[in-house]
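Examining the three-dimensional arrangement
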Amino acid sequence: MHTQIGIVGAGPAGLLLSHLLHLAGIDSVVVERQSRAHVEARIRAGVLEQGTVDVLRESGVGERMLREGLVHDGIELAFRGEKHRIRFPELTDGKRITVYGQHEVVRDLIAARLAAGGPIEFETEDLSVHGVQSDRPLIRYVKGGVQHEISCDFLAGCDGFHGVCRQAIPAGLMQVFEKVYPFSWLGILADAPPTQDELIYSNHDRGFALYSMRSPEVTRLYLQCDPADDIANWPDARIWDELHQRLEGGDGWRFREGRITQKGITAMRSFVSAPMRHGRLFLAGDAAHIVPPTGAKGMNLAVADVRRLARALDTFYASGRTEALDTYSDLCLKRVWKAQRFSWWMTSMLHRVEGATPFEREIQLAELDYVTSSEAGARTIAENYVGLPFD
Ligand code: FAD
Ligand code: DHB
């Protein structure tokens, strides 16, 4: 089989790329290891930048997001027992964020691709990519015990951090930047109506906690824990107790508990591999970069990458011009590094650092005091959080 663009991975990056290419009249095949049910149920990100919302809406897959997504005009930063609001529209020329689960975005994109007849191969095994330096790269995989091969004009590696595409770039040609943090996030979903409209990022002596939501019935909560910790050490009662201590301050605000429907621990890292292109292989999303979740940037970066890649491929097929493909990696990385900086900064400002001196702790609190009391400080958070403009 031959297709113009062979896409590995049916996460937000691979699916949106396939959808945008289809709108430009370019055909693609998406090859995914997991089942459709698995990718549609995978609970991950929840915050969509204004630009991500615009891309989904303008490309015709935003209908349910616009109906069910929760539009937020700000976030709260809590420290020393008090909450401080950062207002977005006033500080960013009217931009907002939308809370809408990543798995809902994935469901909407899969529905759109299948309705348009776009092939997605789920439940594949032993995928490998070949000939990325040639003009006919190949994807090989096994499905239902049968070996398959797809040749393509270009390959898109949208297979996440643990995928295989990045490994097709020779180590000597790739530079890796990495920082692993000495803490993880324990995240839960609970059947409990949120008791406030916006997210709360809390810096507490016991450790960071985040209050978020998915719908008027479902709360999403996170708390900082030890990276070596095991979810078995966290019975529901301990999770609730810790969340109450870290999130509820002196203002009388309380959140509701409910049945916990999902829980898990996620490690935190910053990671960039550069360049994001090798021959006819283009990496996008988590395959090329990971941010710690504190700035809510991961899925949004994946969307920004594939928006650029779809445009570059469109220009190539329409005119034969390669400039946009040639600058893809450098221009993506400029945005990636700004998101890395913001995510690292938010992470450093909000988490409890084991072994921090009293001086370092006071500096952390003074920084929070500054960004919540100075308009310049608040604007720095707001413009990064709602998403820097696309160029
Ligand atoms: P993925 O979603 O990882 O998709 C890659 C796909 O490739 C997967 O379906 C995988 O099964 C498939 N694959 C892998 N290897 C192979 C193979 N060998 N063969 C075939 N298929 C393969 N981001 C935000 O923007 N906002 C947030 O609020 C946010 N919160 C988060 C909270 C948590 C707890 C976590 C874990 C992440 C969060 N993120 C957030 C990050 C976000 O979820 C990721 O950045 C996003 O999933 C990246 O999309 P992707 O398509 O690049 O990769
Ligand atoms: C959510 C995740 C994040 O990483 C974040 O910064 C904010 C919200 C969420 O899952 O709702």
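What counts and how
Residues numbered from 1 in each chain as written. Chains lettered and ligands numbered in written order. Predicted model: local features only at pLDDT ≥ 70, side-chain atom pairs only at ≥ 80, totals over all residues. Heavy atoms only, no water. Phe/Tyr/Trp six-rings, centres within 6.5 Å; stacked < 30°, edge-to-face > 60°. Helix = DSSP H or I, 4+ residues; strand = E, 2+ residues; numbered from the N terminus. Buried < 20%, exposed > 50% of the residue type's maximum accessible area, 1.4 Å probe, protein only. Lys NZ or Arg CZ within 6 Å of the ring centre and 35° of its normal. UniProt positions renumbered as here; feature names shortened; annotations may be inferred. Core = buried A, V, L, I, M, F, W, Y, C linked by side-chain atoms within 4.5 Å. Axes fitted to C-alpha atoms, helices over the stretch in contact; angles between N-to-C directions. Parallel < 35°, antiparallel > 145°, perpendicular 65-115°, else oblique. Left-handed = near helix turned anticlockwise from the far one by under 90°. Contact = heavy atoms within 4.5 Å. Nonpolar A, V, L, I, M, F, W, Y, C, P; charged D, E, K, R; others polar. Expected span 1.5 Å × (residues − 1). 1 Å grid on protein atoms, 1.4 Å probe; cavity = no way out; pocket = protein on both sides within 12 Å on 5 of 7 lines; lining within 4 Å. Points joined across faces, edges and corners; volume = space filled by probe spheres on them. Near = heavy atom within 4 Å. Polar contact = N/O pair within 3.5 Å; in protein donor to acceptor, adjacent residues only side chain to side chain. Areas by Shrake-Rupley, 256 points an atom, 1.4 Å probe, with all protein chains shown as cover. Pairing = 2+ DSSP bridges.

A closer look at the packing of aromatic side chains
- For the structure shown, the criterion picks out 18 aromatic pairs.
- Seen in terms of ring centroids, W185 and F208 are 5.3 Å apart; in terms of plane orientation they differ by 25°. Their pairing is stacked. In this pair, W185 is assigned in strand β12 (residues 175–191) and F208 in the loop between β13 (199–202) and β14 (209–213), connecting sequence segments 23 residues apart. Comparing W185 with F208, the two get one shared label, buried.
- Aromatic side chains F316 and Y317 sit 5.3 Å apart centroid to centroid with 75° between the ring planes, which places their arrangement in the edge-to-face category.
- Ring-pair connections join several aromatic residues into one group, and the members of that group are F88, W185, Y201, F208, Y222 and Y385.
- Taking the ring centre of W234 as reference, the NZ or CZ of R238 above it sits at 3.5 Å.
- Above the ring of Y385, the side-chain terminus of K297 is found at 5.6 Å from the ring centroid.

Notes on the UniProt feature "domain: FAD-binding" (unreviewed entry) in the protein chain
- Listed under "domain: FAD-binding" (unreviewed entry) in the UniProt record, and renumbered for this structure, are residues 3–343.
- Between the C-alpha atoms that bound residues 3–343 the distance is 37 Å, and the span itself is 30% helix and 33% strand.

A word on the nonpolar core
- Residues L17 and I139 are the most contacted members of the largest nonpolar core, which totals 66 residues.
- If one sorts the elements of this core by residue count, helix α7 (residues 298–319) sits on top with 9 residues.
- In this structure, V99, Y211, M213 and L223 belong to the second largest nonpolar core, which totals 53 residues.

Description of the packing of helix α9 (residues 328–350) against helix α11 (residues 375–385)
- Here α9 crosses α11 at 125°, and the two axes come no closer than 11 Å. On the basis of the axis angle, α9 is oblique to α11. Crossing handedness for the pair α9 and α11: left-handed. Within the contact between the two elements, α9 uses R341, F342, W345, M346 and M349 and α11 uses T380, I381, N384 and Y385.
- In the contact of α9 with α11, the residues fall into 6 nonpolar, 2 polar and 1 charged.

Some details on the side chain of R308
- Summarising the element assignment, R308 is placed in helix α7.
- We classify R308 as buried; its relative accessible area is 19%.

As for α7
- Look at α7: 32 Å from first C-alpha to last across 22 residues, which is about the 32 Å you get at 1.5 Å a residue.
- Following α7 by one or two positions, G320 has its phi on the positive side, about 80°.

Some words on empty space enclosed by the protein
- Scanning the model with the defined rule gives 1 cavity of 30 Å³ or more in all.
- Computed from the structure, the largest cavity encloses a volume of approximately 80 Å³.
- For the lining of the largest cavity, the elements supplying multiple residues, two or more each, are α7 and α9.
- For the lining of the largest cavity, the leading source of residues is α9, giving 4 residues.
- Classifying every residue of the lining of the largest cavity by side-chain character gives 4 nonpolar, 3 polar and 4 charged.

Points about unusual backbone geometry
- In this chain, A274 is followed by P275 through a cis amide linkage whose omega measures 5°.
- Among the structural elements, P275 can be located in the loop between β16 (259–274) and β17 (277–278).
- The backbone of D126 shows a phi angle near 50°, a positive value even though the residue is not glycine.
- Mapped onto the elements of the fold, D126 is located in strand β9 (residues 125–130).

What to know about the site of ligand 2
- Within the structure, ligand 2 sits among 14 residues, and Y201, S212, R214, Y222 and P293 are positioned closest to it.
- Y222 is positioned with one of its side-chain polar atoms (N or O) 2.6 Å from an oxygen atom of ligand 2.
- In the model, an oxygen atom of ligand 2 is placed 2.6 Å from a nitrogen or oxygen of the P293 main chain.
- About the coverage of ligand 2: the protein hides 96% of its 290 Å² of free accessible area.

Topic: the sheet that holds strand β3 (residues 47–48)
- Read across the open sheet, the 3 strands follow the order β3-β7-β4; overall the sheet is antiparallel. Lying at the two open borders of the sheet, with one neighbouring strand each, are β3 and β4 (70–72).
- As paired elements, β3 and strand β7 (residues 97–99) share 2 bridges and run antiparallel to each other. By the bridge assignment, V47 is partnered in β7 with V99.

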